[in-house]
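The chain contents come next:
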Amino acid sequence: MLDQHRETFIQEANDLLRELEESLLDLEEKSTDQELIGSIFRALHTIKGSGSMFGYDKLATFTHEIETAYDLVRSGGLSVTRILVDSTLSACDEIRGMLTDDEDRSGALSDAQTAIVEGFRNLLKNTHSDKPSAPTPDAVVVDAEVNSDELQHECTYRVRLTPSPDLFSNGTNLLPLFEEMQGLGTCRITAQVENIPRLQELDPEACYTFWDIAINTDRGQNAIRDVFIFVEDRCRLEISVIDSMEREADGKGYLKLGEILVQRGDLSKDNMQDILSQQHRFGELATEAGIIDHGKIESALQEQQLVREARDKRATVEQASTIRVPAERLDSLINMVGELVTVQSRLTQVANSSHSQAILQVAEDVERLTAELRDNTMSIRMVPIGSAFSRLRRLVRDLSQELGKEIDLLTEGAETELDKTVIERLNDPLVHLIRNSVDHGIQNPQVRTAAGKPSRGTIRLSACHSGASVQVTVSDDGQGLDLETIRLKAIEKGLIAPDALLSEREVFALVLLPGFSTAQKVTNVSGRGVGMDVVKKNIDSLQGTIEISSKQNIGTTITLKLPLTLAIIDGLLVRVANEFFVVPLTSIEECVELKLSDVKRASGQHITVIRGELVPYVRLRELFGIDEALQAAEQIVITRVEGNRVGIMVDEVVGQHQTVIKPLGRYYKHINEVTGCSILGDGTIALILDLAKVVKSAARAEAANYENVQAGSV
Amino acid sequence: MQSVENGLKQNSRLALAGELTISRASELAASIGQWLAEQETVAVLDLAAVTAADVSFLQILCAAHRSSLREGKSLSVVSPSRELLRAMKTAGFERRQPCTQCTGDTCLWQVKEGL
């Protein structure tokens, strides 16, 4: 039981560390952002607290030292420096290490850890000698714990500040105090000006105004009192709690306008009853009747609005709560939904042939529900791609520091959602691409300046939806790819013939071949020639495509196109004899009919002419060895595979088919041309084609055939 | 700091400048009162050059406006400076509805949507 909790703790701690790193990197740019500092402190505090709860004493002691420093940062006693951020980042790495090291949870700190702790202590020592009045870390920690306790008690307060007329006589200016109030939380201030006389009767140095303030804060009543502490003896200050989470939980709606006014003593109960007996809007009536000043109504309205907003905010926070579910459970859910979809389409078929109105009705309902269930289940697996992006920020920062380069990583579309498995498998390729950009793409600041570019390089990482797929691009403003170097290298490695004529795209595609690296020297970062082909392999396995474009001295852009999910596919169902196949819809361009006479005219070659353009085609019948007489007319599904138009010849195009992909099982692993299968309504299996592989193996068969023919004719 | 005497008194327009705070409250109330008395129907306060204001000045504005209403004059403020608007907002003088003593949309503190 404990192990399960511990596992949850480790997961959460890792999440916190990731957030922590994000915040640290942000802090480097916005070193005075109190919100960031606060979130860093809270993350450390939580790691420490729950760590010691689960017996990670070493981790707790270690984290405490860092937390101490951030508490001081929070209170303004220590400023954010590069050293601080650097040490904290390495501390994060150590914490991560301690989380995985389950054996040694309460031993002594390692040398590296001690060094980090010493570093933090030195930082603190320096500030102490500078500012003798700075609070001792221990005292501050206690304070912080009180604060975080209070965090849960966010309340809305009503404050009425009634200054005595002589408030201004000692030069008091209230505006800074109001500004301070705004700093405590969301705050609505209304000045009540009804007592201000005409100019002739005005004593310019007296205060005629009083204030109604509605404030929503988690800092407690005393914090509000503290704001007005210097004017306390010249003001009447009334503070009351008007709304809180507990009150809301009691199910009470907030007070009506009239009730607020009565509660504040601005209106008598009798007057309210009088007004309410008329069927009009309360505010209008009350002022029309001259019973009450507009200012009072205004402040009451503001109060209502503030409470409403605070309640809405709490509601959204509650809605945003999440639960953790192991991925396997999700996978089995998806699998079951897949089965359900299959059974449902069988039901529909049976219902259609039964001619029973009652069964048809039920079948339709089941169909609708199943579709909704399927969509919902799929959306559970969708995760914003930002989680993959955030790791890369750290990578760019560390690498560029190591290489003495200045690089900014800009990300766009982090909210773009993708299937969880796609994101997981996208991590490695993205790391490779970013490493390449940092190492080979972006030059040193000196070189960049000499080339007339800003000394800081930029890597742009963006994601967006395009149809049923997601496009992820990594682009840098570095030196770009050199076509000639790539060509020479490819010739040297025997990848292309010396006299081969290649288009720009084809040359760039060479980079994706195994063992290809043009780096002059092999560095730690990249350049072993394992990067790009790994990327290519990973993206291929995701059914995605990769495209490179580059301009020398301007930069390189790598575009990945990935399917939204690997669990479901939008395809075109086709039939050859009695076999069914699914062709992925994303690569289909059109469907055309092919007559037997056309085939004969091409003298046996698998080529046809479509609107004047020669298009080669693959005969599924031959590829899958289906023996059955040809039909008089067949259909060709024209697809685009790796940039070329290729036809897939079938007997019949059945129609569009959205289906849950089922794996074929390991006995069929060696079959490349098929990525999985789908089960049709009547229980028939339809194979899902991997078009690139289908075309490749057809080309191979054709070439072998051609050689045989040649050999035979000699 | 500029004094009111340095401000432009042109037709029915009075321009005030500088820090309009409690230390000048008496002086400001007196000069505005006198100027307002000289105007016949229309009085315009130009507050573009105000660099600071506090509650005492906002009270003076409100009082002057109340006087003008009583005397059947129209007092309005043109191009209030950013600092003045900030003071108004911070001190909670902004109104969505005109105050009871004002008629129509003459209230100095009424915030019009979109402005």
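Residues numbered from 1 in each chain as written. Chains lettered and ligands numbered in written order. Predicted model: local features only at pLDDT ≥ 70, side-chain atom pairs only at ≥ 80, totals over all residues. Heavy atoms only, no water.

Student: Run through the overall build of chain A, naming residues and quoting values.
Tutor: For chain A, the count of helices and strands is 24 helices and 21 strands. Among the 714 residues that make up chain A, the fraction classed as buried is 45%. In chain A, once contacts between residues fewer than 6 apart in sequence are set aside, the share between residues at least 24 apart is 70%. As presented, chain A carries roughly 37100 Å² of accessible surface, and 51% of it is formed by carbon and sulfur atoms. (Helix = DSSP H or I, 4+ residues; strand = E, 2+ residues; numbered from the N terminus. Buried < 20%, exposed > 50% of the residue type's maximum accessible area, 1.4 Å probe, protein only. Contact = heavy atoms within 4.5 Å. Areas by Shrake-Rupley, 256 points an atom, 1.4 Å probe, with all protein chains shown as cover.)

Student: Got a sec to walk through the overall build of chain B? Specific residues and values, please.
Tutor: When helices and strands are counted, chain B shows three helices and four strands. Ordered by position from the N terminus, the helices and strands of chain B form the series β-β-α-β-α-β-α. Within chain B, buried positions represent 50% of all 115 residues. Long-range pairs, those at least 24 residues apart, make up 70% of the contacts in chain B with a sequence separation of at least 6. Working note: accessible area of chain B is about 5600 Å², and carbon and sulfur atoms make up 49% of it.

Student: With reference to specific residues and values, describe the sheet that holds strand β1 (residues 155-163) of chain A.
Tutor: Residue and element names in this part refer to chain A. Within the open sheet, the four strands sit side by side as β2-β3-β1-β4. Their pairing is antiparallel. Sheet topology places β2 (186-192) and β4 (235-244) at the edges, where each strand pairs with a single neighbour. Adjacent strand axes in the sheet meet at a mean angle of 15°, parallel and antiparallel pairs treated alike. Inspection of the sheet shows β1 paired to β4 by nine bridges, in the antiparallel sense. Each bridged residue has a counterpart across the sheet, and for Tyr 157 the counterpart in β4 is Val 241. (Pairing = 2+ DSSP bridges. Axes fitted to C-alpha atoms, helices over the stretch in contact; angles between N-to-C directions.)

Student: If you had to explain the confidence of the model for chain B to someone new, which residues and values would you point to?
Tutor: All names here are of chain B. The pLDDT averaged across chain B works out to 79; a share of 77% of its residues lies at or above 70. Within chain B, helix α1 (residues 25-38) carries the highest mean pLDDT (90), whereas strand β1 (residues 9-10) carries the lowest (49). A low-confidence stretch, residues 1-10 (pLDDT under 50), is modelled with 17 contacts involving residues beyond four sequence positions or located in other chains. (pLDDT = per-residue confidence, 0-100.)

Student: Before we move on, can you summarise the pairing of strand β2 (residues 13-20) of chain B with the specific residues and values?
Tutor: Residue and element names in this part refer to chain B. Pairing geometry for β2 and strand β3 (residues 42-53), over seven bridges, is parallel. Counted as the bridge partner of Ala 17 is Ala 49 from β3. In this fold, the crossover linking β2 to β3 by way of α1 has right-handed handedness. (Right-handed = clockwise from strand over helix to strand, strands pointing away.)

Student: If you had to explain the nonpolar core to someone new, which residues and values would you point to?
Tutor: If you look at soluble globular proteins, the nonpolar side chains tend to sit buried side by side. Ranked by size, the top nonpolar core spans 65 residues in total, and within it Phe178(A), Met181(A), Trp211(A), Phe228(A), Phe57(B) and Phe93(B) carry the most contacts. Per-element tally for this core: the top contributor is helix α2 (residues 55-70) of chain B, with eight residues. When sequence neighbours within four positions are dropped, the list of residues in contact with Met181(A) reads Val159(A), Cys187(A), Ile213(A), Ile215(A), Ile224(A), Val227(A) and Phe228(A). Listed in part, the 42 residues of the second largest apolar core include Leu399(A), Leu426(A), Ile486(A) and Val507(A). (Core = buried A, V, L, I, M, F, W, Y, C linked by side-chain atoms within 4.5 Å.)

Student: Can you lay out the environment of Glu94(B) for me, pointing to particular residues and giving the numbers?
Tutor: Residue and element names in this part refer to chain B. With respect to the secondary-structure elements, Glu 94 resides in the segment after α3 (82-90). Judged by relative accessible area, Glu 94 falls into the partly exposed class, the value being 28%. A sequence separation of 16 residues divides Glu 94 from Gln 110, and the C-alpha atoms of the two residues are 6.0 Å apart.

Student: Got a sec to walk through the interface of chain A and chain B? Specific residues and values, please.
Tutor: By a widespread convention, an interface's size corresponds to the accessible area lost as its parts come together. With 33 residues of chain A at the interface, the matching set in chain B holds 33 residues. Each partner contributes to the roughly 2800 Å² buried at the junction of chain A and chain B, and carbon and sulfur atoms together form 56% of this total. A per-residue breakdown of the area chain A buries against chain B is headed by Leu175(A), Arg198(A) and Leu199(A), which together make up 23% of the total. Across the chain A-chain B interface, the total number found is one salt bridge. Between Glu179(A) and Arg86(B) there is a salt bridge, and its shortest N-O distance comes to 3.1 Å. Where chain A touches chain B, the interface holds 13 residue pairs in polar contact (both at pLDDT 80 or more). Looking at the side of chain A that touches chain B, the elements with two or more residues in it are α7 (175-184), β2 and α13 (294-319) of chain A. At five residues, the largest contribution of residues to the side of chain A that touches chain B is made by α13(A). (Buried area = accessible area lost by both parts, 1.4 Å probe. Salt bridge = Lys/Arg side-chain N within 4 Å of Asp/Glu carboxyl O. Polar contact = N/O pair within 3.5 Å; in protein donor to acceptor, adjacent residues only side chain to side chain.)

Student: Mind laying out α1(B), listing which residues take part and the relevant values?
Tutor: Spacing of three or four residues puts side chains on the same side of an α-helix, whose turn is 3.6 residues. For α1(B), with 14 residues, the first-to-last C-alpha span of 20 Å sits near the 20 Å given by 1.5 Å per residue. Within the span of α1(B), buried status applies to Ala25(B), Leu28(B), Ala29(B), Ser31(B), Ile32(B), Trp35(B) and Leu36(B). (Expected span 1.5 Å × (residues − 1).)

Student: Tell me about the side chain of Thr63(A), residues and numbers included.
Tutor: If you trace the backbone, Thr63(A) turns up in helix α3 (residues 57-74). Beyond its immediate stretch of four places on either side in the chain, Thr63(A) contacts Leu44(A), Ile47(A), Lys48(A) and Ile95(A).

Student: Any details on the pattern of salt bridges? Residues and values, ideally.
Tutor: All names here are of chain A. In total, this model carries 46 salt bridges over all chains according to the counting rule given. The partner of Arg 619 in a salt bridge is Glu 622, with the nearest N and O atoms 3.4 Å apart. By relative accessible area, Arg 619 is classed as buried at 7%. A network of salt bridges, in which partner residues are shared, links Glu 21, Glu 28, Arg 82, Asp 86, Asp 93, Arg 96, Arg 394, Arg 397 and Asp 398.

Student: Tell me what's going on with the sheet that holds strand β19 (residues 652-660) of chain A, and back it up with residues and numbers.
Tutor: All names here are of chain A. Pairing in this open sheet of five strands is mixed, and the strands run β19-β12-β13-β21-β20 from one edge to the other. Across the chains shown, the open sheet's two edge strands, defined by having one partner strand only, are β19 and β20 (674-679). Within this sheet the neighbouring strands show an average axis-to-axis angle of 35°, counted without direction. The pairing of strand β12 (residues 568-576) with strand β13 (residues 579-584) spans six bridges and is antiparallel. Along β13, the bridge assignment pairs Gly 571 with Pro 584.

Student: Give me the packing of helix α4 (residues 82-100) of chain A against helix α16 (residues 386-403) of chain A: which residues, what numbers.
Tutor: Residues and elements named next belong to chain A. Look at α4 against α16: their axes get within 13 Å of each other, and the N-to-C directions meet at 120°. Classified by the interaxial angle, the pair formed by α4 and α16 is oblique. Every pair of crossing elements has a handedness; the one defined by α4 and α16 is left-handed. Across the interface between the two elements, Arg 82, Val 85, Asp 86, Leu 89, Ser 90 and Asp 93 of α4 pack against Arg 394, Arg 397 and Gln 401 of α16. (Parallel < 35°, antiparallel > 145°, perpendicular 65-115°, else oblique. Left-handed = near helix turned anticlockwise from the far one by under 90°.)

Student: Describe the side chain of Asp54(B), naming the residues involved and giving the relevant values.
Tutor: The residue Asp54(B) is located in the loop between β3 and α2 in this model. Ignoring sequence-local partners within four residues, the contact set of Asp54(B) consists of Asn173(A), Leu175(A), Leu20(B), Thr21(B) and Ile22(B).

Student: Can you break down unusual backbone geometry residue by residue, with the values?
Tutor: Residues and elements named next belong to chain A. Although it is not a glycine, His 355 sits at a positive phi angle of roughly 60°. Checked against the element boundaries, His 355 lands in the loop between α14 (327-354) and α15 (357-380). For His 355, a relative accessible area of 69% gives the class exposed. Of note in the backbone geometry, Asn 553 takes a positive phi value of approximately 70° without being a glycine. Considering the arrangement of structural elements, one finds Asn 553 in the loop between β10 (545-551) and β11 (555-563).

Student: Describe empty space enclosed by the protein, with residues and values.
Tutor: It is a probe the size of a water molecule, rolled over the atoms, that shows where empty space is left. Residue and element names in this part refer to chain A. Scanning the entire structure with this criterion turns up two cavities of 30 Å³ or more. Size it by volume and the largest cavity reaches roughly 40 Å³. In this structure, the largest cavity is lined by Arg 158, Arg 188, Thr 190, Asp 212, Ile 213, Ala 214, Arg 264, Ser 299, Gln 302 and Glu 303. Among the residues making up the lining of the largest cavity, the classes are represented as two nonpolar, three polar and five charged. (1 Å grid on protein atoms, 1.4 Å probe; cavity = no way out; pocket = protein on both sides within 12 Å on 5 of 7 lines; lining within 4 Å. Points joined across faces, edges and corners; volume = space filled by probe spheres on them. Nonpolar A, V, L, I, M, F, W, Y, C, P; charged D, E, K, R; others polar.)

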